[in-house]
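# Descriptive analysis of the structure
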Amino acid sequence: MRVVFLGAPGVGKGTQADRIAAQFKIVKISTGDVLREAVRNQTPLGREAKSFMDQGKLVPDSVVIGLVRDKLDEPGSANGFVLDGFPRTVPQAEELGKVLESKRVNLDRVVNFQVSREDIIKRLSGRRSCPKCQATFHLDFAPSKTGSACDRCGEVLVQRSDDRREAIEMRLKVYDEQTAPLIRYYSDQQLLTELDGSGAVATVFQNLSQVLEPYRTT
Ligand code: AP5
Ligand code: MG
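This report concerns the structure included in the present document. (Residues numbered from 1 in each chain as written. Chains lettered and ligands numbered in written order. Predicted model: local features only at pLDDT ≥ 70, side-chain atom pairs only at ≥ 80, totals over all residues. Heavy atoms only, no water.)

Quick look at the overall build of the protein chain now. Counting its secondary structure elements, the protein chain contains nine helices and seven strands. A compact globule built from 218 residues should have a C-alpha radius of gyration of about 17 Å, and the protein chain, at 16 Å, falls within 12% of that. Principal-axis analysis of the C-alpha atoms places the extent of the protein chain at approximately 45 × 40 × 35 Å. Within the protein chain, buried positions represent 44% of all 218 residues. The contacts of the protein chain with a sequence gap of at least 6 include a subset with a gap of at least 24, amounting to 71%. Surface accessibility of the protein chain: about 10,900 Å² in total, with carbon and sulfur atoms responsible for 50%. Seen as two clouds, the 32 positive and the 29 negative side-chain charges of the protein chain have centres 3 Å apart. (Helix = DSSP H or I, 4+ residues; strand = E, 2+ residues; numbered from the N terminus. Rg over C-alpha atoms; globule rule 2.2 N^0.38 Å. Buried < 20%, exposed > 50% of the residue type's maximum accessible area, 1.4 Å probe, protein only. Contact = heavy atoms within 4.5 Å. Areas by Shrake-Rupley, 256 points an atom, 1.4 Å probe, with all protein chains shown as cover. Lys, Arg positive; Asp, Glu negative; His and termini not counted. Charge placed at Lys NZ, Arg CZ, Asp CG, Glu CD.)

Below, the structure is given as structure tokens:
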């Protein structure tokens, strides 16, 4: 199964991608997670990406495209993948198309998560993330058991540096200008499914699983 999760910041792409990857035994490829890991490890990629990310702007296409190409070349991706947060621009989508074509495979579905702006702001401002394993929690909607430590690995949870008010506003503006056109792009290719992302995590997961079940490969 090869799927893309589209949607504004905070709609729940990462939360659902973790669950879908486990349920369908496919890999999750999250450009945001890979970039944050690089920033944390202060690699050359991380140093290049950090200022864009902190401001809520997109990292240049050439950087993220190379990164996704490497991930898709890994043997684990051959069984299928869910792309979380990529593509984010039309040039990225076109490059993805070329990479998949060279591998003689297609995308099965692109799911666009819909959540109101009001709920997005609540979700992002209450999010807490694990800097080590990237698990995501929410102070009110999905609290960790202790409130301050990661349920998965025990690390102290933090607020993402781009979950401050100004960065959230910039991310939403960038989404409207550069990523929203992908809805049309994939709808023209008859690949798009619109999904209501506003319910509880379990409800969204149930609806999403139903959409993806026909594409199960494992
Ligand atoms: P990225 O990490 O992809 O951030 P994003 O797209 O802004 O999306 P988020 O991770 O903020 O939201 P999400 O949809 O994953 O929601 P989540 O599940 O966490 O990118 C970060 C940055 O990296 C970009 O700004 C850019 O600089 C760079 N970058 C990444 N990819 C790039 C690309 N392709 N090109 C260029 N640059 C790129 O949920 C949010 C919160 O809500 C959580 O607290 C969660 O617990 C809670 N929640 C989730 N679902 C529900 C629910 N159903 N009900 C209630 N609460 C919920
Ligand atoms: Mg995410």
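Our next topic: the environment of C153. Relative to the helices and strands, C153 is located in the loop between β6 (136-138) and α7 (165-179). Placed 61 residues apart in sequence, C153 and P214 show a C-alpha to C-alpha distance of 33 Å.

Another aspect to go through is the packing of aromatic side chains. A full pass over the atoms with the stated rule returns two aromatic pairs. Ring geometry for F5 and F113: centres 5.1 Å apart, planes at 65 degrees, overall edge-to-face. Of this pair, F5 sits in strand β1 (residues 2-6) while F113 sits in strand β4 (residues 109-114), and the two are 108 residues apart along the sequence. The exposure classification of F5 matches that of F113, with both residues buried. With centroids separated by 5.0 Å and ring planes inclined at 90 degrees, the aromatic side chains of Y185 and Y186 adopt a geometry described as edge-to-face. Classification of Y185 as partly exposed rests on a relative accessible area of 21%. For Y186, a relative accessible area of 2% translates into the label buried. (Phe/Tyr/Trp six-rings, centres within 6.5 Å; stacked < 30°, edge-to-face > 60°.)

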